[in-house]
Amino acid sequence: MTAVRVPGAPVIEDGQLISTSPATGVEVGRFPAATEADVRGAVERARAAGDWWAGLGFTGRRERLLRWRGLLARRIEELAELTHAEGGKPVADAIVEILTALEHIDWAARNARRVLGPRRVRSRLILAEFTGHLEYQPYGVVGVIGPWNYPVFTPIGSVAYALAAGNTVVFKPSEYTPTVGQWLADRLAEVVPEQPVLTAVHGLGDVGAALCRSGVAKVAFTGSTATAKKVMAACAESLTPVLVEAGGKDAMIVDADADLDAAAEACVWGALTNAGQTCIGIERVYAVDQVFDAFVGKVVSRADRLTVGPDGTDIGPITMPSQLDIIRRHIEDAVAAGGRAVLGGLDAVQPPYVHPTVLVDVPEDSAAVREETFGPTLTINRVRDVDEAVERANALPYGLGGAVFGRKRAVAVARRLRSGMASINSALTFAGMSTLPFGGVGDSGFGRIHGEDGLREFGRAKAITRRRARSLLPSMTFERTPADVARLVKAAKAMYGRR
């Protein structure tokens, strides 16, 4: 029996995963749906390739990854058009996403040796006769479960760093964007034809669960908080370590001394880019009383100019059809609770599109404030000062990113946000900065991709000591004498006994 097709919703037919455009319903790609045995086989092949890939060393892997980066850069328009066709993302947004991913491949490839390579670590007096060495060894096979909203940038934040660290990767792209995921794997195979160092496996949630149980050495997951808990439960069966980047409900704080034009511009971008389908997107704003009305006016003016539609527009369709019901429910709940739509509103949801919606005076206990919406909507609430703004921003269990606009207190306020990342007088910029770690706290997950922490996430720290001389203060031996113990006591008092 042929499955009923909803534009954009993945279906399995005759063992094939079929991906369609959320805007037109046109088929974009189809791939064999992996069985549990298929997933295990992919992991075994990746494990067999691991010794060869690790054996290339940092220099060899760097050369291959930079060739991959170059190939993606030369075919950036092709990948952007594919991302647009499969997920509905405007081509210009896709170009920005790919450019950011290229920066991360480049940085990971060029910095892996410096961050992960062997180094000497200084010893202290008690063990002065030993030298210390530290290195980071690859885990082996890393399983990466990617999202649909940023199908290039987000998985590459794990894939490129894992590969640079010497691991091989089995990648399960989102079932909403399998064609983009397979395209990325195929391009790496062009520059690394010898071994399957990056393999894509396709299917629905059961394939992700199979990957967690397949014997991979680590799993990097990006997706909802609810699914993250299922991934962790599956990985717990084998004590497989996990890196989790889950949901978010990021807040922007606008202080009295903020540049309101710059704040409004960043707010509209941070909230509405990719049709609001951004884990680090601005979904809540707290503006202090003195600037609230002026700020709202500037946001509405900018957001009202944005175009919505399938091609050549600012905002494309909602990629996951079921998300439309959540967006509609949040708008309805906010208005029913006393909130006001100063732009958009109940009529903004016009499947498969949602027009920009700005809500004010929304109660803090409403779904539109407390739950991740993942659509082009925004709540802006008035607060008496930044202290109240911080309190409200930190009231939710999420803690991914955030933004602060202001001058005198901006840095101090950003530090007080309960989040893994924050931007000052900008929005989302920490995602593109390859030198900084990316990740959250609380219900937004744990672990980090990007930057030095992101590289270390994919390497096991290996500590090695080596004796270089006779022990002057022998302690870790049964051959120590009472006189040796007395010297140890004297040394402890001299070194640590002072206040």
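The model shown is predicted, which means the values in this text are computed figures rather than measured ones. Every chain is numbered independently, its residues counted from 1 as its sequence is written. Given that this is a predicted model, residues contribute local features only at a pLDDT of at least 70 and side-chain atom pairs are listed and counted only at 80 or more, while totals for whole chains, interfaces and linings are drawn from all residues. Heavy atoms throughout the structure, all of them, feed into the side-chain values; hydrogens and water do not.

What about the packing of helix H1 (residues 36–55) against helix H7 (residues 205–212)?
Here comes step 1: Lines are fitted to the C-alpha atoms to define the axes, a helix being fitted only along its stretch in contact, and any angle between axes, read from their N-to-C directions, falls within 0 to 180 degrees. What counts as a helix is a DSSP run of H or I of at least four residues, what counts as a strand is a run of E of at least two, and both are numbered from the N terminus. Taken N-terminus to C-terminus, the directions of H1 and H7 make an angle of 45°; their axes are 9 Å apart at the nearest point. Judged on the interaxial angle alone, H7 and H1 are oblique. Crossing handedness for the pair H1 and H7: right-handed. When H1 is examined against H7, the residues Glu36, Val39 and Val43 are found in contact with a partner set consisting of Val207, Ala210 and Leu211.
Here comes step 2: Throughout this entry, Asp, Glu, Lys and Arg are counted as charged residues, while Ala, Val, Leu, Ile, Met, Phe, Trp, Tyr, Cys and Pro are counted as nonpolar. The remaining residues, Gly among them, count as polar. Among the residues making up the contact of H1 with H7, the classes are represented as five nonpolar, no polar and one charged. Angular relationships are summarised with four words: roughly parallel below 35 degrees, roughly antiparallel beyond 145, roughly perpendicular across 65 to 115, and oblique for the angles in between. Note on convention: near helix rotated counterclockwise from far helix by under a right angle means a left-handed crossing. Clockwise means right-handed. Note on contacts: a residue pair is in contact if any heavy atoms of the two residues lie within 4.5 Å.

A few points about the pairing of strand E12 (residues 282–288)
Here comes step 1: Buried, partly exposed and exposed residues are distinguished by accessible area as a fraction of the type maximum, computed with a 1.4 Å probe on protein chains only: under 20%, between the cut-offs, and over 50%, respectively. Within E12, seven of the seven residues are buried, which leaves the element mostly enclosed by the surrounding structure.
Here comes step 2: Crossover connection from strand E11 (residues 250–254) via helix H9 (residues 260–272) to parallel E12: handedness right-handed. Seen with the strands pointing away from the viewer, any crossover whose path from the first strand over the helix to the second strand runs clockwise is right-handed.

Considering the sheet that holds E11
Here comes step 1: By the convention used here, strands pair only if DSSP detects at least 2 bridges between them. Reading across from one edge, E13-E16-E17-E12-E11-E18-E19 is the order of the seven strands in this open sheet, with mixed pairing throughout. In the strand order of this sheet, the two ends are held by strand E13 (340–343) and strand E19 (423–424), each with one partner.
Here comes step 2: Bridging between E13 and strand E16 (residues 357–360) involves three bridges; their strand directions are antiparallel. In the sheet register, Ala341 faces E16, and the bridge partner there is Leu359.
Here comes step 3: The sheet strands contacting helix H13 (residues 386–393) are E11, E12 and strand E17 (377–383), and the helix crosses E12 at an angle near 160°.

A look at the side chain of Thr177
Here comes step 1: Position of Thr177 among the secondary structure elements: in the loop between strand E7 (168–172) and helix H6 (178–191).
Here comes step 2: Every residue in contact with Thr177, bar those within four places of it in the chain, is listed here: Glu86, Pro147, Trp148 and Pro151.

Focus on the side chain of Ser158
Here comes step 1: By the secondary structure assignment, Ser158 is in helix H5 (residues 153–164).
Here comes step 2: For Ser158, a relative accessible area of 4% gives the class buried.
Here comes step 3: In contact with Ser158, not counting residues within four places along its chain, are Val144, Ala220, Ile449 and Phe458.

Examining the pattern of salt bridges
Here comes step 1: Criterion for a salt bridge: a side-chain nitrogen of Lys or Arg within 4 Å of a carboxyl oxygen of Asp or Glu. Within this structure, the stated rule accounts for 34 salt bridges.
Here comes step 2: The shortest N-O distance in the salt bridge between Glu190 and Arg187 comes to 2.7 Å. Linking Glu190 with Arg187, this pair stays in helix H6, spanning three residues, or about one helical turn.
Here comes step 3: On the accessibility criterion, Arg187 (11% relative accessible area) is buried.
Here comes step 4: In this structure, a network of salt bridges that share partners links the residues Glu364, Arg384, Asp385, Glu388 and Arg392.

Observations regarding the sheet that holds strand E3 (residues 27–32)
Here comes step 1: With antiparallel pairing, three strands are arranged side by side in an open sheet as E1-E2-E3. The sheet is open, and its two borders are formed by strand E1 (11–13) and E3, each paired with just one other strand. The mean inter-strand angle of the sheet, taken between neighbouring strand axes irrespective of direction, is 30°.
Here comes step 2: In the sheet, strand E2 (residues 16–20) pairs with E3 via five bridges, with the strands oriented antiparallel. Following the sheet pairing, Gln16 is matched in E3 by Pro32.
Here comes step 3: Along the sheet, H6 makes contact with E2 and E3, crossing E3 at roughly 65°.

Focus on empty space enclosed by the protein
Here comes step 1: In the cavity and pocket records, a cavity denotes points on a 1 Å grid over the protein atoms alone where a 1.4 Å probe fits but cannot get out, a pocket denotes an open set with protein on both sides within 12 Å along at least 5 of 7 lines, and lining residues are residues with an atom within 4 Å of a point. Grid points are joined across faces, edges and corners, and a volume is the space filled by probe spheres set on the points. This model, assessed by the stated rule, comprises four cavities of 30 Å³ or more.
Here comes step 2: Quantified by volume, the largest cavity comes out at close to 90 Å³.
Here comes step 3: Lining the largest cavity are 14 residues, and of these Ala251, Arg284, Ala393, Gly401 and Arg418 sit closest to its centre.
Here comes step 4: By residue class, the composition of the lining of the largest cavity is five nonpolar, five polar and four charged.
Here comes step 5: The calculated volume of the second largest cavity comes to roughly 70 Å³.
Here comes step 6: Taken together, 15 residues line the second largest cavity, and the ones lying closest to its centre are Gly87, Gly88, Lys89, Asn274 and Thr319.

By themselves, these figures tell us nothing about what the structure is for.
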